Amino acid sequence: MKIVIIGGSGLIGSKLAVLLRQAGHEVVAASPSTGVNTLTGEGLREALAGARIVVDVANSPSFADEPALHFFDTAGRNLLAAEAEAGIAHHIALSVVGTDRLLASGYFRAKQRQEELIEASPVPWTIVQATQFFEFVAGIADGSVQGGEVRLSNALIQPMAADDVAAALAVVVGESPARRRIEIAGPEALPLDALVRRLFAATGDKRPVVTDTQASYFGVQLDDRSLTPGTGPRLGTTRFADWLAQRARA
């Protein structure tokens, strides 16, 4: 069947496109670079023509409060309206585990708006909430530098590999719309500060990692529930140590 991936040229979208094509589907990897812009609506009708499923893995180009809200609200409304017109049978959206617990952050308030729009839409849907990706741990560290130190909470995080995120989405593509949230996560939970220390040990980064229970994460104070899934998540298979080893061999 024809499947449209919104954000199809990004980290997750490009991996998902490969998996779906290998399974024999016709895949449209939609993004502004291919003439499909959810913010303006450009190219949406043409991209969705004849499609059965839409997978939205697009992210806001800015994490600032107002730009993120503008992106998820405007893009969400445009996309869902176009899907309703096209008769899309299943809208699958990638979101974040703990969104409803992280609303002190404007970015997560914007993600919450995206989820609310999906719930209110007539298009059958599944929201896949993922934990943080291994690929973004370095960026978290870089954003936590104060005075030459990397200051991080020791709250638990249960991150996962981008390959496992794409694989989980490919499974959901083959399922009926759940009309609920499904959580996906990595196979192990680790303190955030310890996770970054492991990364630095593997990459030779000499910056000191300081445990600071008051350190914020995108402006949010963390506890052990903030970045970890609830009961019954779908777990990826790749452990952080194995992912680091794979990167070292690459």
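All values derive from a computational prediction rather than experimental measurement.

1. Thoughts on the pairing of strand E9 (residues 181–185)
Okay, step 1: With respect to burial, E9 is a largely interior element, four of its five residues being buried.
Okay, step 2: Of the pairings in the sheet, the one linking strand E5 (residues 125–130) to E9 comprises four bridges and is parallel in character. From the neighbouring strand, Ala130 faces E9, where its bridge partner is Ile184.
Okay, step 3: Here two bridges tie E9 to strand E14 (residues 234–235), and the two strands are oriented parallel to one another. Within the sheet, the bridge partner assigned to Ile184 lies in E14 and is Arg234.

2. Some points on the sheet that holds E9
Okay, step 1: With respect to topology, seven strands assemble into an open sheet ordered E2-E1-E3-E4-E5-E9-E14, the strand pairing being parallel. The sheet is open, and its two borders are formed by strand E2 (26–30) and E14, each paired with just one other strand.
Okay, step 2: Relative to strand E3 (residues 53–56), strand E1 (residues 2–6) is paired through four bridges, and the arrangement is parallel. Directly across from Ile5, in E3, lies its bridge partner Val55.
Okay, step 3: Seen against the sheet, helix H1 (residues 11–22) touches E1, E2, E3 and strand E4 (90–96) and runs at an angle of roughly 170° to E1.
Okay, step 4: Helix H4 (residues 106–120) rests against E3, E4, E5 and E9 of the sheet, and its axis sits at about 160° to E4.

3. Points about the pattern of salt bridges
Okay, step 1: Applying the stated criterion to the full structure yields 15 salt bridges.
Okay, step 2: The shortest N-O distance in the salt bridge between Arg151 and Asp212 comes to 3.3 Å. One end of the pair, Arg151, is in strand E7 (residues 149–152); the other, Asp212, is in the loop between strand E11 (209–211) and strand E12 (216–217), and 61 residues separate them in sequence.
Okay, step 3: Its relative accessible area of 23% is what places Arg151 among the partly exposed residues.
Okay, step 4: According to the relative accessible area criterion, Asp212 is buried, its value standing at 17%.
Okay, step 5: Each member of the salt-bridge network shares a partner with another, and the members are Asp73, Arg77 and Arg113.

4. Quick word on the side chain of Thr126
Okay, step 1: Summarising the element assignment, Thr126 is placed in strand E5.
Okay, step 2: For Thr126, a relative accessible area of 1% translates into the label buried.
Okay, step 3: Looking at Thr126, its side chain comes within polar contact range of the main-chain nitrogen of Ala178, at 2.9 Å.
Okay, step 4: When sequence neighbours within four positions are dropped, the list of residues in contact with Thr126 reads His90, His91, Ile92, Ala93, Val172, Ser176, Pro177, Ala178, Arg179, Arg180 and Ile182.

5. As for helix H6 (residues 162–173)
Okay, step 1: The end-to-end C-alpha distance of H6 is 17 Å, a good match for the 16 Å that 12 residues give at a rise of 1.5 Å each.
Okay, step 2: Within the span of H6, buried status applies to Ala162, Asp164, Val165, Ala166, Ala168, Leu169, Val172 and Val173.

6. Thoughts on the nonpolar core
Okay, step 1: Ranked by internal contacts, the top residues of the largest apolar core, which has 45 residues, are Ile6, Leu192 and Phe240.
Okay, step 2: Broken down by element, this core gets its largest block of residues, six residues, from helix H3 (residues 65–86).
Okay, step 3: For Ile6, the contacting residues outside a window of four places in its chain are Ala30, Thr38, Leu44, Val54, Val55, Asp56, Val57, Ala58 and Leu79.
Okay, step 4: Counting residues in each nonpolar core, the second largest holds 24 residues, with Val27, Val55, Ala168 and Val173 among its members.

Definitions and limits used
Residues numbered from 1 in each chain as written. Predicted model: local features only at pLDDT ≥ 70, side-chain atom pairs only at ≥ 80, totals over all residues. Heavy atoms only, no water. Buried < 20%, exposed > 50% of the residue type's maximum accessible area, 1.4 Å probe, protein only. Helix = DSSP H or I, 4+ residues; strand = E, 2+ residues; numbered from the N terminus. Pairing = 2+ DSSP bridges. Contact = heavy atoms within 4.5 Å. Axes fitted to C-alpha atoms, helices over the stretch in contact; angles between N-to-C directions. Salt bridge = Lys/Arg side-chain N within 4 Å of Asp/Glu carboxyl O. Polar contact = N/O pair within 3.5 Å; in protein donor to acceptor, adjacent residues only side chain to side chain. Expected span 1.5 Å × (residues − 1). Core = buried A, V, L, I, M, F, W, Y, C linked by side-chain atoms within 4.5 Å.

Take it as geometry only, folks, not as evidence of what the structure does.
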